[in-house]
Amino acid sequence: MVANNKSMDGNGKITATKKSMIHHMIKNGTSTLAEMARDLDLSVPTVTKFASELIEDNYILDLGKQNAASGRRPSVFGLNPKAGYFVGVDVQQKKILLTIMDFGGHMIGEPYSVSYRLEDTPRALNQLFTIIKDYINMTGIKREDTFCAGVNIAGRVNPITGYSYSYFQYDKRPLAQTMKEDIGIPVFLDNDSRSMAYGEYVMGDYKGMKNVLFVNLNWGLGAGIIIDGRPYYGKSGFSGEIGHICALDNEIICNCGKKGCLETEVSGFAVERILKEKCAQGSSTIMSDLMREHGEFLLSDFIEAVRRGDVLSIEIIENIGFTLGRWLAGLINVLNPELVIVGGPLAETKEYLSYPMQSSIRKYSLNFVNSDTKVQMSQFGENASLMGACLIARSRMLELI
């Protein structure tokens with residue numbers, strides 16, 4: 001565990017060489033001492049010495065001899081899943097998702113969901129603290145065996161300072177510090193879209209790709225940007241706010257207080273507004289019954305309505321797909337990414353969203369740029385956010401990003 005300080009330097013941090021070795025095994029899964037020495041440009045005796053110390057402190061395991069066609073079989077080493085654990089927390093508008101991930105990067109059990117109303121109030125913040133602590137207690141994992149928590153939240157977040165500028169600004173202390181003091185473990189705060197991008201990128205089948213744009217189509221509209229295999233933060237951690245591109249000539253006031261934001265027509269908030277306007281004008285939809293049954297508009301109900309062939313719901317998501325594709329075409333022209341991934345709850349409408357979106361991308365992007373960019377829907381759905389929260393916490397703890 002980190003707390004024992006055995007494999008740390010005098011300042012209580014894992015030494016740089018040992019971090020490099022752990023990072024090598026994160027990227028490669030398993031490795032021999034010779035492979036680590038070659039990849040890290042170190043001598044085999046040096047790698048052998050540090051590997052022994054990392055084994056002693058339970059960070060890595062000697063997994064036994066590797067099969068070899070001839071000659072002496074070398075030992076293979078890998079991360080020890082039981083070295084410690086990370087709590088992943090994804091704070092959404094109407095629920096909180098939680099998970100536990102081991103040191104090897106494996107989620108333990110199914111994600112846990114709790115109803116929640118994200119409001120900028122002390123009551124909502126205290127409720128968030130209680131939910132996280134109750135979940136940790138429920139898992140049975142000891143606090144001393146938990147490295148830290150990764151917490152995702154929408155809006156403007158500075159992950160370096162730990163401040164959230166969209167929610168819970170009640171004193172001069174960073175939100176991450178306030179959470180640490182209440183929950184009892186270190187907390188790494190990040191923007192939800194960036195966490196989703198990192199989780200999808202690290203855990204997905206994207207070998208060889210280093211420049212990725214991830215679009216989070218949720219209640220709001222955000223993006224996570226991966227450049228050269230690392231999350232791009234911008235100067236203050238505010239990168240990826242594509243929902244607030246001044247894209248539209250409308251008089252709709254966005255949640256940010258401005259008019260004409262892309263998010264006013266491409267988001268869950270936009271779906272709710274458009275649907276209610278159409279219903280007021282006399283349009284028929286099964287969403288009317290679902291909203292009466294649940295007492296409110298839910299994205300999950302809308303996705304179900306699309307899947308059941310509700311004409312109005314399909315019309316709304318197709319229009320969103322086409323509008324999103326037009327502005328993604330511009331971003332593709334600017335960034336020239338290898339891959340664009342579209343995720344978030346509304347991506348669960350699948351081809352109803354993706355077909356008009358891709359048609360619009362082809363229409364508005366430069367052909368020779370578009371041909372270099374693969375566009376696909378998320379592989380992991382909601383799990384991407386939880387994986388990203390844990391993986392970012394692990395990488396930040398090890399100072400890898």
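S.K.: How would you explain the overall build of the protein chain if you had to name every residue and give the values?
M.R.: Scanning the protein chain from N- to C-terminus turns up 13 helices and 15 strands. Taking 21 Å as the expected radius of gyration for a compact globule of 401 residues, we find that the protein chain reaches 23 Å, a close match to that expectation. In terms of its C-alpha atoms, the protein chain occupies a principal-axis envelope of roughly 75 × 50 × 40 Å. Within the protein chain, the fraction of its 401 residues that count as buried is 51%. By element, 49% of the accessible surface of the protein chain is carried by carbon and sulfur atoms, the whole surface being about 18,400 Å². Each charge class in the protein chain was averaged separately, 42 positive and 45 negative side chains, and the resulting centres sit 4 Å apart.

S.K.: Give a detailed account of the environment of Asp-182, specifying residues and quantitative values.
M.R.: Its location among the elements puts Asp-182 in helix H5 (residues 175-183). On the basis of relative accessible area, Asp-182 is assigned to the partly exposed category, the value being 31%. With near-sequence residues (within four places) excluded, Asp-182 lies in contact with Phe-129 and Lys-133.

S.K.: Which residues make up the confidence of the model for the protein chain, and what are the values?
M.R.: In this model, the protein chain carries a mean pLDDT of 91, and residues with pLDDT of at least 70 account for 96%. For the protein chain, the element scoring lowest by mean pLDDT is helix H12 (residues 367-370), at 82; strand E4 (residues 85-91) scores highest, at 97. Note that pLDDT drops below 50 for residues 1-12; the model gives that stretch 26 contacts with residues more than four away or on any other chain.

S.K.: Tell me about helix H3 (residues 44-56), and please be specific about residues and values.
M.R.: A rise of 1.5 Å per residue sets the reference length of H3, with its 13 residues, at 18 Å; its end C-alpha atoms lie 18 Å apart and thus fit the reference within 8%. Every buried residue belonging to H3 is among Val-47, Phe-50, Ala-51 and Leu-54, and all of these are buried. The buried residues of H3 all sit within an arc of 110° when viewed along its axis, so they share a single face. The exposed set on the far side of H3, more than 90 degrees from its buried face, consists of Pro-45 and Glu-56. Taken together, the buried residues of H3 touch helix H1 (16-28), helix H2 (33-40) and strand E2 (60-65). Phi turns positive one or two residues past the end of H3, at Asn-58, with a value near 70°.

S.K.: I'd like a description of the side chain of Thr-264, backed by residues and values.
M.R.: Here Thr-264 shows up in the loop between strand E13 (230-231) and helix H7 (268-280). Taking relative accessible area as the criterion, Thr-264 reaches 5% and is therefore assigned buried. Not counting residues within four places of it along the chain, the set of residues in contact with Thr-264 comprises Leu-248, Asn-250, Ile-252, Ile-253, Cys-254, Ala-270 and Arg-273.

S.K.: Outline the sheet that holds strand E3 (residues 75-79), listing residues and values.
M.R.: Overall, antiparallel pairing links the three strands, which are arranged E1-E3-E2 in an open sheet. The strands lining the two open edges of the sheet, one partner per strand, are strand E1 (30-31) and E2. In this sheet, E3 lies alongside E1 in antiparallel orientation, the contact comprising two bridges. Bridge pairing links Ser-31 to Phe-77 in E3.

S.K.: Residue-level account of the nonpolar core, with values.
M.R.: Formed by 41 residues in total, the largest nonpolar core has its most connected members in Val-215, Phe-297, Phe-302 and Leu-328. Among the secondary structure elements, those contributing two or more residues to this core are strand E11 (212-217), strand E12 (221-227), H7, helix H8 (287-294), helix H9 (299-307), helix H10 (311-335), strand E14 (339-343) and helix H11 (351-364). In terms of residue count, the dominant contributor to this core is H10 (nine residues). If sequence neighbours within four positions are ignored, Phe-297 has contacts with Lys-94, Trp-219, Gly-268, Val-271, Glu-272, Leu-275, Lys-276, Met-287, Met-291 and Phe-302. Counting residues in each nonpolar core, the second largest holds 40 residues, with Ala-83, Phe-103, Phe-147 and Tyr-201 among its members.

S.K.: Any details on the pairing of strand E5 (residues 95-102)? Residues and values, ideally.
M.R.: Among the eight residues of E5, seven are classified as buried, and the element is accordingly described as predominantly covered. Inspection of the sheet shows E4 paired to E5 by seven bridges, in the antiparallel sense. Each bridged residue has a counterpart across the sheet, and for Val-89 the counterpart in E5 is Leu-98. Between E4 and E5, which pair antiparallel and follow one another directly, the connecting turn spans three residues. Taken together, the four bridges between E5 and strand E6 (residues 112-115) define a ladder with antiparallel strand orientation. Bridging across to E6, Leu-98 finds its partner in Tyr-112.

S.K.: An account of the environment of Arg-326 is needed here, citing residue identities and associated values.
M.R.: Counting through the fold element by element, Arg-326 comes out in helix H10. Accessibility expressed as a relative area gives 46% for Arg-326, which makes it partly exposed. Sequence separation between Arg-326 and Thr-285 is 41 residues, and the spatial gap between their C-alpha atoms is 27 Å. In this view, Arg-326 contacts Ser-360 and Tyr-364; residues no more than four positions away in its chain are not counted.

What counts, and at which threshold
Residues numbered from 1 in each chain as written. Predicted model: local features only at pLDDT ≥ 70, side-chain atom pairs only at ≥ 80, totals over all residues. Heavy atoms only, no water. Helix = DSSP H or I, 4+ residues; strand = E, 2+ residues; numbered from the N terminus. Rg over C-alpha atoms; globule rule 2.2 N^0.38 Å. Buried < 20%, exposed > 50% of the residue type's maximum accessible area, 1.4 Å probe, protein only. Areas by Shrake-Rupley, 256 points an atom, 1.4 Å probe, with all protein chains shown as cover. Lys, Arg positive; Asp, Glu negative; His and termini not counted. Charge placed at Lys NZ, Arg CZ, Asp CG, Glu CD. Contact = heavy atoms within 4.5 Å. pLDDT = per-residue confidence, 0-100. Expected span 1.5 Å × (residues − 1). Arc of directions from axis to C-beta. Pairing = 2+ DSSP bridges. Core = buried A, V, L, I, M, F, W, Y, C linked by side-chain atoms within 4.5 Å.

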